[in-house]
Amino acid sequence: MPSRLVIAAAALAFVLLAALAAWWGTRAPLVPAVGARMAPLVRTLQFSARVATASRVEVGSTLTGRVLRVAATEGAQVKAGEVLVQLESEELRAALAQTQASERQAAARLAGLRSTGRSAAQANVAQSESVLVAAQAELQRTMDLVAQGFLSEARLDEVRRAVAVAQAQLDGARAQRAANAEPGTDVAQAQAQLALASAARAAAESRLGEAVITAPADARVLSRMVEPGQIVQPGRALLALALAGPLQLVAQVDERYLAQLQPGQTAGVLADAYPTQRFTSRVLSIAPLVDAQRGAIEVKFSLPQPLPPFLREDMTVSVEVETARREQALVVPADALRGDESTGPRVWLARDGRVEARQVRLGLRTLDAIEILDGLSPGELVLIGPAPQPGQRVRADPAAGIPARASKGSKDDPGGAMSNAMGR
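Because the structure is a prediction, the values reported are computed rather than measured.

Quick look at the overall build of the chain
Here comes step 1: On a plain count of helices and strands, the chain comes out with 6 helices and 22 strands.
Here comes step 2: Among the 424 residues that make up the chain, the fraction classed as buried is 34%.
Here comes step 3: For the chain, the proportion of contacts with a sequence separation of at least 24, taken over those separated by at least 6, is 74%.
Here comes step 4: Accessible area of the chain: about 24000 Å², with a carbon and sulfur share of 55%.

Remarks on the packing of aromatic side chains
Here comes step 1: The tally for this structure, following the rule as stated, stands at 3 aromatic pairs.
Here comes step 2: Residues Phe 47 and Phe 301 carry aromatic rings whose centres are separated by 6.0 Å and whose planes lie at 40° to one another, so their mutual orientation is tilted. Of the two residues, Phe 47 is situated in strand S2 (residues 37–53) and Phe 301 in strand S14 (residues 296–302); the sequence distance between them amounts to 254 residues. An identical accessibility class is assigned to Phe 47 and Phe 301; each is buried.
Here comes step 3: What links up through ring pairs into an aromatic cluster is the set Tyr 274, Phe 279 and Phe 310.

A short note on the confidence of the model for the chain
Here comes step 1: With 81% of its residues at a pLDDT of 70 or more, the chain has an overall mean of 80.
Here comes step 2: Taken as a whole, residues 21–25 scores under 50 in pLDDT and shows 0 contacts with residues more than four places along the chain or in a different chain.
Here comes step 3: Confidence drops under a pLDDT of 50 for residues 403–424, and excluding neighbours within four residues, the segment shows 43 contacts in the predicted structure.

Overview of the sheet that holds strand S8 (residues 219–224)
Here comes step 1: Spatial strand order, S3-S10-S8-S5: 4 strands in an open sheet with antiparallel pairing. The open sheet terminates on both sides in strands that have one partner only, identified here as strand S3 (56–60) and strand S5 (77–78).

Quick word on the sheet that holds strand S9 (residues 231–232)
Here comes step 1: Strand order in the open sheet made by the 4 strands is S7-S6-S4-S9, with antiparallel pairing throughout. This sheet does not close on itself; its edge strands, each paired only once, are strand S7 (212–214) and S9.
Here comes step 2: Direction of pairing for strand S4 (residues 65–70) relative to strand S6 (residues 83–87): antiparallel, over a ladder of 3 bridges. Looking across to S6, one finds that Arg 69 is bridged to Gln 86.

Notes on a nonpolar patch on the surface
Here comes step 1: A cluster of nonpolar side chains, contributed by Leu 145, Phe 150 and Leu 151, occupies part of the molecular surface with about 270 Å² of accessible area.
Here comes step 2: For Leu 151, a relative accessible area of 31% corresponds to the partly exposed category.

Some details on the nonpolar core
Generally speaking, nonpolar side chains in soluble globular proteins are found buried as a group.
Here comes step 1: By size, the foremost hydrophobic cluster in this structure holds 25 residues, and its most contacted members are Phe 47, Leu 249, Val 253, Phe 301, Val 317, Val 319 and Val 321.
Here comes step 2: Elements represented by at least two residues in this core include exactly S2, strand S11 (247–254), strand S12 (266–271), strand S13 (274–291), S14 and strand S15 (316–333).
Here comes step 3: Those residues within four positions of Phe 301 in sequence are excluded, and the remaining contacts are Phe 47, Gln 248, Leu 249, Ala 251, Ala 267, Ser 281, Arg 282, Val 283, Leu 284, Val 319 and Val 321.
Here comes step 4: Residues Val 70, Val 85, Leu 87 and Leu 243 belong to the second largest nonpolar core, which totals 24 residues.

Things to note about the pairing of strand S20 (residues 369–374)
Here comes step 1: Bridge count between S15 and S20: 3 bridges; the pairing is antiparallel. Counterpart to Pro 333 in the pairing with S20 is Ala 369.
Here comes step 2: Direction of pairing for strand S19 (residues 361–365) relative to S20: antiparallel, over a ladder of 3 bridges. In the sheet register, Arg 365 faces S20, and the bridge partner there is Ile 370.
Here comes step 3: Counted between consecutive antiparallel strands, the loop separating S19 from S20 contains 3 residues.

Observations concerning the pattern of salt bridges
Here comes step 1: This model, assessed by the stated rule, comprises 15 salt bridges.
Here comes step 2: Between Glu 205 and Arg 201 there is a salt bridge whose closest N-O contact spans 3.2 Å. Residue Glu 205 and its partner Arg 201 are located together in helix H4 (residues 185–210), separated by 4 residues, close to a single helical turn.
Here comes step 3: Arg 220 is the salt-bridge partner of Glu 313, the closest N and O atoms lying 3.7 Å from each other. Taken as a pair, Glu 313 in the loop between S14 and S15 and Arg 220 in strand S8 lie far apart in primary sequence, 93 residues in all.
Here comes step 4: Linked by salt bridges that have partners in common, Arg 351, Glu 356, Arg 358 and Glu 380 make up one network.

A closer look at the environment of Ile 384
Here comes step 1: Among the secondary structure elements, Ile 384 is positioned in the loop between strand S21 (381–383) and strand S22 (395–397).
Here comes step 2: Since its relative accessible area comes to 7%, Ile 384 is described here as buried.
Here comes step 3: Once the C-alpha coordinates of Ile 384 and Ala 336 are considered, the two residues, 48 residues apart in sequence, prove to be 4.6 Å apart.

Thoughts on the environment of Arg 365
Here comes step 1: Among the secondary structure elements, Arg 365 is positioned in strand S19.
Here comes step 2: For Arg 365, a relative accessible area of 44% gives the class partly exposed.
Here comes step 3: Note: C-alpha distance between Arg 365 and Arg 43 (322 residues apart in sequence) is 7.3 Å.

Concerning the side chain of Ser 61
Here comes step 1: Residue position: Ser 61 is located in the loop between S3 and S4.
Here comes step 2: In terms of polar contacts, Ser 61 uses its side chain to reach the backbone carbonyl oxygen of Leu 63, at 2.9 Å.
Here comes step 3: Excluding residues within four positions of it along the chain, Ser 61 makes contact with Leu 87, Ile 213, Val 232, Gln 233, Pro 234, Gly 235, Arg 236 and Leu 238.

Here's the deal with unusual backbone geometry
Here comes step 1: Omega for the peptide link from Gln 305 to Pro 306 comes to -5°, which places this bond in the cis form.
Here comes step 2: On the secondary structure map, Pro 306 appears in the loop between S14 and S15.

Here is what the cut-offs are and how they apply
- Residues numbered from 1 in each chain as written.
- Predicted model: local features only at pLDDT ≥ 70, side-chain atom pairs only at ≥ 80, totals over all residues.
- Heavy atoms only, no water.
- Helix = DSSP H or I, 4+ residues; strand = E, 2+ residues; numbered from the N terminus.
- Buried < 20%, exposed > 50% of the residue type's maximum accessible area, 1.4 Å probe, protein only.
- Contact = heavy atoms within 4.5 Å.
- Areas by Shrake-Rupley, 256 points an atom, 1.4 Å probe, with all protein chains shown as cover.
- Phe/Tyr/Trp six-rings, centres within 6.5 Å; stacked < 30°, edge-to-face > 60°.
- pLDDT = per-residue confidence, 0-100.
- Pairing = 2+ DSSP bridges.
- Patch = residues over 30% accessible without salt bridge, like charges linked within 9 Å, V, L, I, M, F, W, Y side chains within 5 Å.
- Salt bridge = Lys/Arg side-chain N within 4 Å of Asp/Glu carboxyl O.
- Core = buried A, V, L, I, M, F, W, Y, C linked by side-chain atoms within 4.5 Å.
- Polar contact = N/O pair within 3.5 Å; in protein donor to acceptor, adjacent residues only side chain to side chain.

In structure tokens form, the structure reads like this:
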């Protein structure tokens, strides 16, 4: 008898378990869901930027020489024309003295041609003219005596040669006088030699001046890369200067987000070293070219005045640019969006205990939230995560969809949590 009772109890338990399994197999699955609701939605971009002046230059030497003195120190403010680095210049001074002497010599020669040279040339012309007149008179007398038979023809030939020599001397004296005149060749040559000597002197003065390296404008010394005694050569940077001007932020932003950026947008800035001192900047300019190697575009930001005192050149800061805002939008979580290019964007709803696919039109998108422009009404339950296919039974669990987003907003306001989503 007891054995029959045990068998009956076992059979009853088996039947109950089978019934429970059958009921559990036909029970609709429980899927997390979020109610679509109106809430503010903000889209931002976050990236790193560095602090920089509008203009930065590297100062170097145009000569090869040894450094005599370095007057600039890192962090110092310098004025335009202030001496930064001085090279040894004894050899350059000697070269300048030599060119100055050559210039004085050329100038003296030109002055001599214009004064005593011209007087001597004029006197030589007068003397040659008198000699020619005397030779011509002698020729006339000789011709008369030869005609009378007192002198031979040989004597006449000698006198004629003397006249020719006197004429040639006169022509030479006149040519010398013309050369010593202002447009003459000797004066022109002397002027050219003087100009050449003056140019050499100017070049020597310029090289001597290049031995002293000065600040091109008011600036701040960022780095010093030279010390006294070093041999420097042209093309090597000796000092890095930040020219006086407003500081700005420079960032390299992925070109995929170019459409979201435009001048005038506000941005929050935060330095890692000063996490409690957040300040605001604005998009100043967007570069017209994209860096082909990095696929990035340079974006510059203006800084507020007065500047935060902790900012330093080349400091890295975090920038968050607000690229779009909706004061009130119908929002759902980003992971509620389903569909592909063939079906278009859709969401799955829990409607009358079954999954319903709904075509929607999208608006503003962030990493965590999407604006629904059409196809959905506030309060409708949108399924998130894995869910049965449309038409199948489902049970929506609104409470399961809240905690995943509560960390970004108020724990009592899941819609507000979605409004704080940031795009990157």
